[in-house]
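# A look at the structure
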Amino acid sequence: MDSRHSPPPGPAPALAPNAEIEPAEGEAVRGEAVQGGNRAGRIEVRGIDHIPDAERHGRPRDLFWVWFAANITYLYFLLGGFVLLMGLNLWQSIAVVVAGNLYWVGVGTLAVSGPASGTPGVVVTRAMFGIRGNRPLSAGIGWLIAVAYEAVNLALGALAGFALAAHLGLSVSTPVKVAILLVIAAATFVISVYGHATIVRVSPWFTALLAAAMVLLAVFVVGHTRTDYAPPQPLHGTSLLTALCLGVALIAAVPLSWANGADYARYLPAATSKRDVLLSTALGAFVPAVLLGVLGVLAGTSIDMSDPQANLAAIVPGWFYPVFLFVVVFSSLTNNVLTAYSSGLCLQSVGMRASRSRTVLIDAALSIAIAGYALFVSDFIDSLNNILAVTVVILAPSMALYVCDIVLRRNRYDGVALHDETPTGRYWYRAGFNIAGTLAFALGAVASLLCVNTTVYQGPLSLAMGGADLSFLSGPLVTAAVYAVMWRRSERGADRG
């Protein structure tokens, strides 16, 4: 490792301000540190603080099951159906699902910074934004988006819970709906409170249960697929290009929201293979996301996917329909477990003086309130589309900046120095801001905004291109180009202190 990124000799640094407890007294052996600091069935004691070598454990393939379980979710089935509703044919819709999910490679790339730094992604981004700049531009924005997605998942699970209760003959009054929402939220956030080791332990079991149910769903959906499906009004020329771009942007919004790949890899030993971490993370999410998205497309050839939960009953056996609804509820839980875990880390990185477990509970209360609004006040489908489309403007440049920094820095991060928040720290830059990262991110967001097309806002370049949404390309390209040009100068400035 470059000596510039190595911690200085001398006594061990104090714990970061948001460290939850001292992991051990004195020199603990590896096994004791692992059990005391990160053990399944016990609340994880660490927050955003650096993970010492003695507490590093696990294998890259564990990440595959963590991401697979989190992404066997009904949301992808729903999005696949949305793509078909845009007027694309069967094969065009499948191509859009695959193309949009290629952004999972970016999430896998972010994950390699976890073992290198021993700290979560929201702390690694201090290298890109500076200590002060990171609080609003990474931790703050990341927290807001994470809470929005928590609310989306809670609402999806609650809608299925309402349908399941009605199917079982219950009177689904407003109090019953509120109770269902609260039960799903409680189950979700309890696992997130327990933390990393518990998530890793239960993920293979969640994967097996959800995968078995989805295989059955696939059998029924494929059996009713109309391979000769054609949209009522086939698209051509500019209209076709517009729909393709909008579809890719919609699908890409989900992997772009997972800028937290390092959070679940940071407990792996520093010498862990970068290739294995990248592939385990990216494939663990890409495979279920694509398969379920394609299933949603196939289902849309025979049922109206504008209301899939109700219409799906027409193509599955009566006994399977309540099973499917339960799976939708359960999959919303598994997806939200990772989101809630990372959103708690974001709050700590913003500067909140609370333990990780407490920040998760704060996020829970807020996301429940947002989900309640979407379910009982607003139109949920419109709310979902708006959230996914608008977040691309921020998320695409953010991921591009992070990936670019990993490449330029050759994944060399000093996890201890990342927690030094003083003006003499390695990542303080100028007045706490890294101008290169801040400017590249801002210009990338502007480029995305100029090219975005949503129901609430359409950029002028999108309007000039007939409605095509290229925000998922324009923002990352501008961000990466600007940052690559400015990076070396910003690093020389950091070395001068």
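Preceding this paragraph is the structure being described.
We now turn to the structure provided with this report. (Residues numbered from 1 in each chain as written. Predicted model: local features only at pLDDT ≥ 70, side-chain atom pairs only at ≥ 80, totals over all residues. Heavy atoms only, no water.)

Here the focus is the overall build of the chain. Each helix and strand in the chain was counted, giving 20 helices and 0 strands. Counting over 497 residues, the chain shows a buried share of 57%. A fraction of 85% describes how many contacts in the chain between residues 6 or more apart in sequence connect residues 24 or more apart. Counting every atom, the chain has about 19,500 Å² of accessible surface; 66% of that belongs to carbon and sulfur. (Helix = DSSP H or I, 4+ residues; strand = E, 2+ residues; numbered from the N terminus. Buried < 20%, exposed > 50% of the residue type's maximum accessible area, 1.4 Å probe, protein only. Contact = heavy atoms within 4.5 Å. Areas by Shrake-Rupley, 256 points an atom, 1.4 Å probe, with all protein chains shown as cover.)

Positionally, Ser257 belongs in the loop between helix H12 (237-256) and helix H13 (274-300). A relative accessible area of 18% means that Ser257 is categorised as buried. In this structure Ser257 touches Tyr149 and Leu395, once residues within four positions along its chain are discounted.

Glancing now at the side chain of Thr281. Locating Thr281 in the fold gives a position in helix H13. Residues within four places of Thr281 in sequence aside, it is in contact with Leu63, Trp67, Val107, Gly108 and Ala111.

The subject of this paragraph is the packing of aromatic side chains. Counted by the stated rule, this structure contains 19 aromatic pairs. Ring centres 5.0 Å apart and planes at 90° place the aromatic pair Phe64 and Trp65 in the edge-to-face group. Overall, the relative accessible area of 22% leaves Phe64 in the partly exposed class. Here Phe220 and Phe320 contribute two aromatic rings whose centre-to-centre distance is 5.1 Å and whose plane-to-plane angle is 65°, an arrangement assigned as edge-to-face. With a gap of 100 residues between them, Phe220 in helix H11 (residues 196-223) and Phe320 in helix H15 (residues 320-350) connect regions that are remote in the sequence. No difference in accessibility class separates Phe220 from Phe320, as the two residues are buried. (Phe/Tyr/Trp six-rings, centres within 6.5 Å; stacked < 30°, edge-to-face > 60°.)

The next thing to look at is the pattern of salt bridges. Summed over the entire model, instances satisfying the criterion amount to 10 salt bridges. Of the charged contacts, one joins Glu44 and Arg356 as a salt bridge, the two residues approaching to 3.7 Å between their closest N and O atoms. One end of the pair, Glu44, is in the loop between helix H1 (30-37) and helix H2 (60-71); the other, Arg356, is in helix H16 (residues 356-376), and 312 residues separate them in sequence. Here Glu44 and Arg356 have matching classes, each one buried. Its salt-bridge partner being Arg46, residue Asp49 comes within 2.3 Å of it at the nearest N-O pair. Judged on exposure class, the residue Asp49 and its partner Arg46 are both buried. Taken together, the salt bridges that share partners define one network made up of Glu44, Arg266 and Arg356. (Salt bridge = Lys/Arg side-chain N within 4 Å of Asp/Glu carboxyl O.)

Once that is clear, we can look at the packing of helix H3 (residues 74-85) against helix H4 (residues 90-101). Interhelical geometry of H3 versus H4 gives an angle of 135° and a closest axis separation of 9 Å. Taken together, H3 and H4 sit at an angle that is classed as oblique. Relative to H4, H3 is oriented so that their crossing is right-handed. Residues Gly80, Val83 and Leu84 of H3 form the contact with H4, whose participating residues are Leu90, Ser93, Val96 and Val97. Looking at the contact of H3 with H4, its residues break down into 5 nonpolar, 2 polar and no charged. (Axes fitted to C-alpha atoms, helices over the stretch in contact; angles between N-to-C directions. Parallel < 35°, antiparallel > 145°, perpendicular 65-115°, else oblique. Left-handed = near helix turned anticlockwise from the far one by under 90°. Nonpolar A, V, L, I, M, F, W, Y, C, P; charged D, E, K, R; others polar.)

As a packed pair, helix H9 (residues 131-167) and H16 sit with axes 8 Å apart at the nearest point and diverge in direction by 55°. With respect to H16, the element H9 is oriented oblique. Crossing of H9 against H16: the hand is right-handed. On the side of H9, the interface is formed by Trp143, Val147, Glu150, Ala151, Leu154, Ala155, Ala158, Leu159 and Phe162, while H16 contributes Asp363, Leu366, Ser367, Ile368, Ile370, Ala371, Leu375 and Phe376.

What follows concerns the nonpolar core. Of all hydrophobic cores here, the largest spans 137 residues; its most connected members are Trp67, Trp104 and Leu217. Excluding residues within four positions of it along the chain, Trp104 makes contact with Trp67, Asn71, Tyr76, Val254, Pro255, Trp258, Ala282, Ala285, Phe286 and Ala289. (Core = buried A, V, L, I, M, F, W, Y, C linked by side-chain atoms within 4.5 Å.)

With that settled, consider a nonpolar patch on the surface. Together, Val178, Leu182, Tyr373, Phe376 and Val377 make up an exposed nonpolar region whose accessible area comes to about 460 Å². When contributions to the nonpolar patch are tallied by element, the ones reaching two or more residues are helix H10 (174-194) and H16. Topologically, Val178 is positioned in helix H10. (Patch = residues over 30% accessible without salt bridge, like charges linked within 9 Å, V, L, I, M, F, W, Y side chains within 5 Å.)

With respect to the helices, strands and loops of the structure, Val478 is situated in helix H20 (residues 471-495). For Val478, the residues in contact, after removing those within four places along its chain, are Leu443, Gly444 and Ala447.

What follows covers the state of the cysteines. A covalent bond bridging the sulfur atoms of two cysteines is what the word disulfide describes. Counted according to the given criterion, the structure contains 0 disulfides. The closest cysteine sulfur to the non-disulfide-bonded Cys245 is located on Cys451, 9.9 Å from its own sulfur. The class of Cys245 is buried, set by a relative accessible area of 9%. (Disulfide = S-S within 2.5 Å.)

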